[in-house]
Amino acid sequence: MTASDDERRESRSADGPRGSAAASDSAAGLPALRTTADYQFGAGAGIALFPENESLEVKRSSSGRPQQVIADEGRVVTYATDGRFTLGLAGGRRLLEALESPAGRVVVGDESEPFVRDGKNVFAKFVAAVGSEIRPGDEVAVVHDDGRLLAVGRAELSADAMADFDTGMAVMVREGAGDAE
């Protein structure tokens, strides 16, 4: 990437380079992103993902549409072209704090923990608990029995199916937490 590409990306970021004060929430489009997050993940998710008192970097496409929201600890979300968010590990951590367990979560035990941490998919037979609202295609946090975030990904089965099935992929993991937790 050239210096001019970096300059264009920074000029499209509504709140400037990381570490600088945000110009304003509305300039970054954060109120609209909060509304989308509340709709997708549940009430309170928007403010948890995009707090008012935090300067977030919003990377935008050449047309100005938000693509990624990044905090100091990493990628919070990517805003897909279908209007839904995909979670980064930072976003998964924020959601876990905001949503009451087991909402937005797929819980696994010791047997699959090392595999999920490494980014391997979660299979239904290893699901110990799951938020009852989860549907296929939903973004979820995969956590250990003790509550530690292991990964984030997309649910492939409904909550009922994850609880009932002994075969099949339950969550397609997008990003494993590795040894970070």
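Now for a quick tour of the structure. (Residues numbered from 1 in each chain as written. Predicted model: local features only at pLDDT ≥ 70, side-chain atom pairs only at ≥ 80, totals over all residues. Heavy atoms only, no water.)

1. Some points on the overall build of the protein
And step 1. Counting its secondary structure elements, the protein contains seven helices and 10 strands.
And step 2. Expressed as a percentage of its 181 residues, the buried residues of the protein come to 44%.
And step 3. Of all intrachain contacts in the protein linking residues separated by at least 6 positions in sequence, the fraction that spans at least 24 positions is 52%.
And step 4. In the structure as shown, the protein presents an accessible area of about 9,000 Å², 49% of it carried by carbon and sulfur atoms. (Helix = DSSP H or I, 4+ residues; strand = E, 2+ residues; numbered from the N terminus. Buried < 20%, exposed > 50% of the residue type's maximum accessible area, 1.4 Å probe, protein only. Contact = heavy atoms within 4.5 Å. Areas by Shrake-Rupley, 256 points an atom, 1.4 Å probe, with all protein chains shown as cover.)

2. Topic: the pairing of strand β9 (residues 149–155)
And step 1. Here β9 lies mainly inside the structure; six of its seven residues are buried.
And step 2. Pairing between strand β8 (residues 139–144) and β9: five bridges, direction antiparallel. Its bridge partner lying in β9, Val140 is registered against Gly153.
And step 3. Hairpin connection from β8 to β9: four residues lie between these consecutive antiparallel strands, with Gly147 at a positive phi of about 100°.
And step 4. Relative to strand β10 (residues 169–176), β9 runs antiparallel, the two being bridged by five bridges. Paired with Ala155 across the strands is Val171, a residue of β10. (Pairing = 2+ DSSP bridges.)

3. Notes on helix α3 (residues 30–41)
And step 1. For α3, built from 12 residues, the straight-helix expectation of 16 Å at 1.5 Å per residue is met to within 8% by its first-to-last C-alpha distance of 16 Å.
And step 2. Phi for Gly42, located one or two positions after α3, is positive at around 120°. (Expected span 1.5 Å × (residues − 1).)

4. Observations concerning the pattern of salt bridges
And step 1. Counting across every chain of the model gives 10 salt bridges.
And step 2. Arg75 is the partner of Glu175 in a salt bridge, and the nearest nitrogen-oxygen pair spans 3.6 Å. Placement of Glu175 in strand β10 and of Arg75 in strand β3 (residues 74–79) is noted, with a sequence separation of 100 residues between them.
And step 3. In this structure, Arg117 engages Glu113 in a salt bridge whose closest nitrogen and oxygen atoms are separated by 3.2 Å. Here Arg117 pairs with Glu113, and both are found in helix α6 (residues 113–117), just four residues apart, close to one helical turn. The pair formed by Arg117 and Glu113 is uniform in burial state, with each residue classed as buried.
And step 4. Taken together, the shared-partner salt bridges in this structure form one network comprising Glu113, Arg117, Asp146 and Arg148. (Salt bridge = Lys/Arg side-chain N within 4 Å of Asp/Glu carboxyl O.)

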